[in-house]
Amino acid sequence: MIIHQKDNVGVCLDGNETVPAGHKYALRAIGMGEYIIKYGEIIGKATQNIEKGDWVHTHNLKTHLDESTEYTYSYCAKIPAKEKHTFLGYKRAHGRAGIRNEIYIIPTVGCVNNVCMRLAKDAQKYIRGTLDGIFALTHQFGCSQLGTDNENIKKLLCAVALNPNASYVLFVGLGCENNGLDGIMEYLAPYARDNIAYFNCQDVENEHAYGMEILSSFAEKASQLRREKVDFSELCIGLKCGGSDGYSGLTANPLVGRITDRLVGAEGSAILTEVPEMFGAEQILMNKCKNKEVFEKYRQMIVDFKNHYIQQGFPVYENPSPGNKKGGITTLEEKSLGCIEKAGTSEIVDVLDYGELVKEKGVSVLNAPGNDLIAATALAASGAQLVLFTTGRGTPFSTFVPTMKIATNNKISAHKTNWIDFNAYDMDENGLLALILKTINGEYVCKSEDVREIAFYKTGVTL
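A. Looking closely at the environment of Asp54. Here Asp54 lies in the loop between strand E4 (41-46) and strand E5 (55-56). Assessed through its relative accessible area of 32%, Asp54 is described here as partly exposed. In the structure, Asp54 is positioned 35 residues away from Val19 in sequence and 7.7 Å away in space, judged by C-alpha atoms. If near-sequence neighbours (up to four positions away) are discounted, Asp54 is found in contact with Lys24, Tyr25 and Ala26. Polar contacts involving the side chain of Asp54 include one to the main-chain amide nitrogen of Glu51, which spans 3.0 Å.

Here you go:
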């Protein structure tokens, strides 16, 4: 496969004796030091002379990235065609509709994880009617974090509680932690939610009995909720890829990009993150910013993230992973050019800080790292009711909202039928849209929905 007319490498789709499947081969002779072009963009430099037909990978190609790139702004986004779509969701008095009717149990601190897990386990008997599930969203933080980390864990957990899929939320504190209930209640006060309860284990005689009474009441009310027709303007989808391979930028990511454009055309929202996996392709996204104000916010986010790497003594191009390389991705810029395909051709309308809720219709960029669980958690915390997760290597995880696994190739789709929800190799746009509609309508349960996990983006010291 040849992706772009400017390319000097192609992709060997099926593999042969010298070039593995999904890997690159030279379309012509390439001299040492010459740029390697894929997607019509530079993905690195040749480290030796390469003959026509040769395998192009880590043995003869290296990154050309550095930390001193300057950025400019030249608008080049496309406005997608208008569409009209609806889905059956749970209307919320306080905002967008949920695609699930669930109860979250959120510990303020890891010390009470076992309390929350026991509550969730024993409360399964309360599930009836339309109530989809009761989940404990445990984590190891909430105490001994300082400064930004201490503020960010609070922001993240509060944002999780505000996700539209949560019909009711129970915060369980210990009573002596840094991330105390007082701060959480103060943070959530402006949202005026009446579906959230709180208690500290140190303040009650029997924390299990106390929590079970609250959950019983929540479950009774949640079981009576009903789905109603709502517009796509109330839908937000998170965009994530993990375990990428040489097919990611050819199949699943571009296919998700088409879905993103259709969602935007229907006045919905999408969120793109994985900031380190934009390095080498960030200028393309900058040129899609709707105006200079958004461009400057995005530029500053990129610069700050790079500076964080430098301050920690690491190069910005410390990527791809071993699995990425085995799958055919050689450099970070190559990975990034495939990664950003998930955002489609639409405008970038906003730049969100970590833990910040989505505000605009269209595509927003979120400040979070590339780590799968951290990034997926951040997407859902910013308001995504569903995460579209493309993968060439496969993964069984799910964040706390439905996480749809979209395979890049036939092999992983056939090998991991218990993980994969959709095979994107044939680029069936209508098929993927139909599955998304079934999922948000509650007619399809993603393969990993029995798993609910959250992870925190920690950047500072721990006491």
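So, next bit.
B. Region of the structure containing the environment of Phe171. Residue position: Phe171 is located in strand E11 (residues 166-173). Along the backbone, Phe171 and Ser248 are 77 residues apart, and their C-alpha atoms lie at a distance of 39 Å. Once residues lying within four places of it in the same chain are set aside, the contact partners of Phe171 are Ile106, Thr108, Leu157, Cys158, Ala161, Leu181, Ile184, Leu188, Ile196, Ala197, Tyr198 and Phe199.

C. Expanded view of the sheet that holds strand E8 (residues 95-98). Overall, antiparallel pairing links the 3 strands, which are arranged E8-E7-E13 in an open sheet. The sheet is open, and its two borders are formed by E8 and strand E13 (228-231), each paired with just one other strand. Each neighbouring strand pair of the sheet contributes to a mean axis angle of 70 degrees, computed without reference to strand direction. Both strand E7 (residues 86-92) and E13 contribute to a ladder of 4 bridges, which runs antiparallel. Across the sheet, the residue bridging to Leu88 is Lys229, located in E13.

D. View of the packing of helix H5 (residues 252-265) against helix H12 (residues 429-440). Viewed as axis vectors pointing N to C, H5 and H12 meet at an angle of 60 degrees, and their least axial separation amounts to 10 Å. Crossing hand, H5 versus H12: right-handed. Residue-level contacts link Leu255, Val256, Arg258, Ile259 and Arg262 of H5 to Glu429, Asn430, Leu432, Leu433 and Ile436 of H12. Residue classes in the contact of H5 with H12 are distributed as 6 nonpolar, 1 polar and 3 charged.

E. Structural view of the sheet that holds strand E10 (residues 133-136). Strand order in the open sheet formed by 4 strands is E10-E9-E11-E12, and the pairing between neighbours is parallel. Either end of the sheet is taken by a strand with one partner, and the two such strands are E10 and strand E12 (196-200). With strand direction ignored, the average angle separating the axes of adjacent strands in the sheet is 15 degrees. Relative to E12, E11 runs parallel, the two being bridged by 5 bridges. Bridged to Val172 within E12 is Phe199. The strands that helix H3 (residues 181-188) touches are E11 and E12; relative to E12, the one it contacts most, it runs at about 165 degrees. Lying on the sheet, helix H4 (residues 207-222) is in contact with strand E9 (102-107), E11 and E12; it crosses E11 at an angle near 170 degrees.

F. Structural detail: the packing of aromatic side chains. If you walk through the whole model with that rule in mind, you get 14 aromatic pairs. Ring centres 5.2 Å apart and planes at 75 degrees place the aromatic pair Phe389 and Phe397 in the edge-to-face group. As far as the burial class goes, Phe389 and Phe397 line up, both buried. An aromatic cluster of three or more residues is present, and its members are Phe141, Phe279, Phe305, Tyr309, Tyr354, Phe456 and Tyr457. Lys416 extends its terminal NZ or CZ atom over the ring of Trp419, reaching a point 4.3 Å from the ring centre.

Procedures and definitions
- Residues numbered from 1 in each chain as written.
- Predicted model: local features only at pLDDT ≥ 70, side-chain atom pairs only at ≥ 80, totals over all residues.
- Heavy atoms only, no water.
- Helix = DSSP H or I, 4+ residues; strand = E, 2+ residues; numbered from the N terminus.
- Buried < 20%, exposed > 50% of the residue type's maximum accessible area, 1.4 Å probe, protein only.
- Contact = heavy atoms within 4.5 Å.
- Polar contact = N/O pair within 3.5 Å; in protein donor to acceptor, adjacent residues only side chain to side chain.
- Pairing = 2+ DSSP bridges.
- Axes fitted to C-alpha atoms, helices over the stretch in contact; angles between N-to-C directions.
- Left-handed = near helix turned anticlockwise from the far one by under 90°.
- Nonpolar A, V, L, I, M, F, W, Y, C, P; charged D, E, K, R; others polar.
- Phe/Tyr/Trp six-rings, centres within 6.5 Å; stacked < 30°, edge-to-face > 60°.
- Lys NZ or Arg CZ within 6 Å of the ring centre and 35° of its normal.

In short, the description is geometric, and any link to function would need to be established separately.
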